[in-house]
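Here is how the chains run, residue by residue.
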Amino acid sequence: MSELNLLPARFISVEGVDGAGKSTQLNWLADWLRTQGIAPVLTREPGGTPLGEKLRALLLSEAMDLETEALLMFAARREHLAQVIEPALARGEWVVSDRFTDATWAFQVGGRGLDAAKFTALEHWVQGRGEALLQPHLTLVFDVPPDVGQARMAARASLDRFEQEAADFHARVRAAYLERAAADPQRVKVIDATRSIEAIQTGLAIDVPRWLRGEA
Ligand code: ADP
Ligand code: MG
């Protein structure tokens, strides 16, 4: 027993290109945390609140100006932090979110080409706590080449506005995730998600406790 439940409540985000295996591994991670005596709040972005889910539906379906898209992502995030994430952490509950700010960095800055300075301003507006930023304690980036993600999504009945983007878009998204990880290796961990589902989980069961304790 690794006694993770003795740690203060942690906020974990799960990231990666579409089809990387985020939902698969998030569900496993939640089950695994329960075996450790931790009942996490499971949530997602965009979304996670009634208003956020309405914004999600628009973001995934409606054509819009690219800066409007970024602003709506951060508006949904503000609501998500205020209504779900911060109250849960304050109650001492763990939070596991399917995507958070690193996704906006990857999709809107990397994929769409939004000005990084605007992104930084929005991030400080929405997540700023004095000089610091409220960030996940641990971010898992499930990394696959975009064609692997595309192939895994092939079974889906319909693709959303992001999933329909061309291969070069997804390649830029992936590169931006890897850049985020290189810039903050203590928080953002890259997981080779081309491996089998079981091999990834065996690795996570070893690595996640170490990472949560701040070991390399
Ligand atoms: P995401 O949430 O990142 O879009 P999903 O977890 O929905 O990805 O996975 C997409 C598809 O790929 C699902 O059918 C899932 O069963 C499958 N899948 C997930 N991880 C792997 C893996 N490591 N190897 C092979 N198939 C996988
Ligand atoms: Mg998913």
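Residues numbered from 1 in each chain as written. Chains lettered and ligands numbered in written order. Predicted model: local features only at pLDDT ≥ 70, side-chain atom pairs only at ≥ 80, totals over all residues. Heavy atoms only, no water.

What follows covers the overall build of the protein chain. Per the secondary structure count, the protein chain includes 8 helices and 7 strands. Computed over C-alpha atoms, the radius of gyration of the protein chain comes to 17 Å, within 12% of the 17 Å expected from 2.2 N^0.38 for 216 residues, which places it in the range of a compact globule. By principal-axis analysis of the C-alpha atoms, the protein chain measures approximately 50 × 40 × 30 Å. Expressed as a percentage of the 216 residues in the protein chain, the buried residues total 51%. Of the contacts formed within the protein chain by residues at least 6 apart in sequence, a portion of 79% connects residues at least 24 apart. (Helix = DSSP H or I, 4+ residues; strand = E, 2+ residues; numbered from the N terminus. Rg over C-alpha atoms; globule rule 2.2 N^0.38 Å. Buried < 20%, exposed > 50% of the residue type's maximum accessible area, 1.4 Å probe, protein only. Contact = heavy atoms within 4.5 Å.)

Glancing now at the pattern of salt bridges. Pairing between side chains of opposite charge can happen when the charged atoms of each approach one another. Tallied over the entire structure, the rule returns 18 salt bridges. A salt bridge links Glu 86 to Arg 129, with the nearest nitrogen and oxygen atoms 2.7 Å apart. Residue Glu 86 is found in helix 3 (residues 66-90), and its partner Arg 129 is found in strand 4 (residues 128-129); the two are separated by 43 residues along the sequence. Using a relative accessible area of 24% as the deciding quantity, one classes Glu 86 as partly exposed. Note on Arg 129: relative accessible area 32%, which makes it partly exposed. (Salt bridge = Lys/Arg side-chain N within 4 Å of Asp/Glu carboxyl O.)

Further remarks concern the packing of aromatic side chains. For the structure on display, the rule yields 6 aromatic pairs. Ring centres of Trp 28 and Trp 32 lie 6.0 Å apart, and the angle between their planes is 20 degrees; this geometry places the pair in the stacked category. Note that Trp 28 and Trp 32 are positioned in helix 1 (residues 22-35) at a spacing of 4 residues, about one turn of the helix. In this structure, Trp 28 and Trp 32 share a single accessibility class: buried. Relative to Phe 162, the ring of Phe 107 has its centre 5.7 Å away and its plane inclined at 90 degrees; by these criteria the two rings are edge-to-face. Here Phe 162 lies in the loop between helix 6 (146-153) and helix 7 (167-183) and Phe 107 lies in helix 4 (residues 101-111), a separation of 55 residues in the sequence. (Phe/Tyr/Trp six-rings, centres within 6.5 Å; stacked < 30°, edge-to-face > 60°.)

Take the environment of Val 17 next. For Val 17, the position within the fold is in the loop between strand 1 (11-16) and helix 1. Overall, the relative accessible area of 3% leaves Val 17 in the buried class. Between the alpha carbons of Val 17 and Ala 216 there is a distance of 24 Å; along the sequence they are 199 residues apart.

Any functional reading would require information that these geometric values do not contain.
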